[in-house]
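# Secondary and tertiary structure notes
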Amino acid sequence: MKIVVIGGTGLIGTKLVRRLRQRGHEVVAASPGTGVNSITGEGLAEALAGAEVVVDVANSPSFEDRAVLDFFEISGRNLRAAETAAGVKHHVALSVVGTDRMLGSGYFRAKMAQERLIEASGIPYTILRATQFFEFMGGIARSSAGAEQVRLTPALVQPIASEDVAEALADVTLGAPRNGMLEVAGPERRPLAELVRKYLSANKDHRDVIVDAEAPYFGVRIDDRSLTPGDSARVMPTRFDDWLALSLAGVK
């Protein structure tokens, strides 16, 4: 069948497109760089013509509160209109575990707005919420860094490799719409500060990681429940230490 991946040239999108093509499907990798823009609407109608499934893995280029909300709301409305016109049978979206518990953050409020638009669209859908990606540990460190220190919470997280996210997302894409949410996570719960310390050390970044229970995560104080999945989550196999070793060896 024909599947359109919005954000199809990004971290998750490229991996998802490759998997779906390997499984024998016609896949459009849609992004502004390929002439499809979910914000302006450019190329949407042409890309979606004849598509049975649309997968939205696009992310906002800005995390500023107003900008990120505008991105997900405008993109969501444009996709809904284009999918309705094209007769799309299944809308799949990638979201974040804990979105509903993190509404003190502008980014998570925007993701919640995106989810609500999908739920109200009238188009059969599945939302897959994933935990934090291993690949984002460096970005988490940058968001919490001073000149010589990185201050981070010891709260537990259960992060996941982006390859595993793409694998789970491919299965959801080829399955029946759930008209609800699923969760996916990695196999280990570990303190966020510990993971970032290990990532920085492995990458020869010698800044001190200060463990501070009050340190915010993108503006929000978190605990062991904030970003961890429920008992019914799909657990993928790749462990952080194994991913880190492969990453340092240049294996993507």
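Below: a short report on this structure. (Residues numbered from 1 in each chain as written. Predicted model: local features only at pLDDT ≥ 70, side-chain atom pairs only at ≥ 80, totals over all residues. Heavy atoms only, no water.)

## Observations regarding the overall build of the chain
For clarity, the cut-off: Numbering of helices and strands runs from the N terminus; a helix is a DSSP stretch of H or I covering at least four residues, while a strand is a stretch of E covering at least two. Both definitions apply: the radius of gyration is a C-alpha atom measure, and the globule rule equals 2.2 Å times residues to the power 0.38. Accessibility here uses a 1.4 Å probe with only protein chains present; expressed as a share of the type maximum, an area under 20% marks a residue as buried, one over 50% as exposed, and anything in between as partly exposed. Between two residues, a contact is recorded if the distance between any of their heavy atoms is within 4.5 Å. Surface exposure here means Shrake-Rupley accessible area, sampled with a 1.4 Å probe, where a residue is shielded only by the protein chains that are shown. Charged residues are defined narrowly, with Lys and Arg counted positive, Asp and Glu counted negative, and His plus the chain ends left uncounted. Taken as the charge location is NZ of Lys, CZ of Arg, CG of Asp or CD of Glu.
Broken down by element type, the chain carries eight helices and eleven strands. Its C-alpha atoms give the chain a radius of gyration of 18 Å, near enough to 18 Å, the size a compact globule of 252 residues would have. Split into buried and exposed, the 252 residues of the chain put 50% on the buried side. Counting only contacts in the chain whose residues sit at least 6 apart along the sequence, the fraction spanning at least 24 positions is 82%. Accessible surface, the chain as shown: approximately 11200 Å² in total, 51% of it carbon and sulfur. Looking at the chain, you have 29 positive and 31 negative side-chain charges, and the mean spots of the two groups are 2 Å apart.

## Overview of the environment of Val235
Mapped onto the secondary structure, Val235 falls in strand 11 (residues 234-235). Considering only alpha carbons, one finds Val235 and Glu135, 100 residues apart in sequence, at a separation of 18 Å. Apart from residues lying up to four places away in sequence, Val235 is in contact with Gln158, Ala185, Gly186 and Pro187.

## A word on the pattern of salt bridges
The test is simple: The term salt bridge refers to a pairing of a side-chain nitrogen on Lys or Arg with a carboxyl oxygen on Asp or Glu at a separation within 4 Å.
Under the defined criterion, the tally for this structure stands at 18 salt bridges. Arg18 serves as the salt-bridge partner of Glu163, at 3.2 Å between the closest nitrogen and oxygen. One end of the pair, Glu163, is in helix 6 (residues 162-174); the other, Arg18, is in helix 1 (residues 11-22), and 145 residues separate them in sequence. A residue is classified by how much of its surface remains accessible, and Arg18, at 36% relative accessible area, is partly exposed. Residue Arg129 is joined to Glu115 by a salt bridge in which the shortest nitrogen-to-oxygen separation is 2.7 Å. Highlighted residues: Arg129 in strand 5 (residues 125-130) and Glu115 in helix 4 (residues 106-119), separated in sequence by 14 residues. Both residues of the pair, Arg129 and Glu115, belong to the buried class. Because the salt bridges share partners, they merge into one network encompassing Arg18, Arg19, Arg23, Glu163, Glu167, Asp171 and Arg234.

## Some points on the packing of aromatic side chains
To keep it simple, the criterion reads: Each pair of aromatic rings taken from Phe, Tyr and Trp, with Trp reduced to its six-membered ring, is defined by centres within 6.5 Å and is described as stacked if the planes are under 30 degrees apart, edge-to-face if over 60, and tilted in the remaining cases.
Within this structure, the stated rule accounts for nine aromatic pairs. Judged by centre distance (5.5 Å) and plane angle (45°), the rings of Phe134 and Trp243 are tilted. Here Phe134, found in the loop between strand 5 and helix 5 (137-143), pairs with Trp243, found in helix 8 (residues 240-248); they are 109 residues apart in sequence, far enough to count as distant. In terms of burial, Phe134 and Trp243 fall into one category: buried. Counting every residue linked through ring pairs, the aromatic cluster contains Phe63, Phe71, Phe72, Tyr107 and Phe108.

## Some remarks on the environment of Ile210
Of note, Ile210 is situated in strand 10 (residues 208-211). Along the primary structure Ile210 and Leu152 are separated by 58 residues, whereas in three dimensions their C-alpha atoms are 6.2 Å apart. When sequence neighbours within four positions are dropped, the list of residues in contact with Ile210 reads Gln149, Val150, Arg151 and Leu152.

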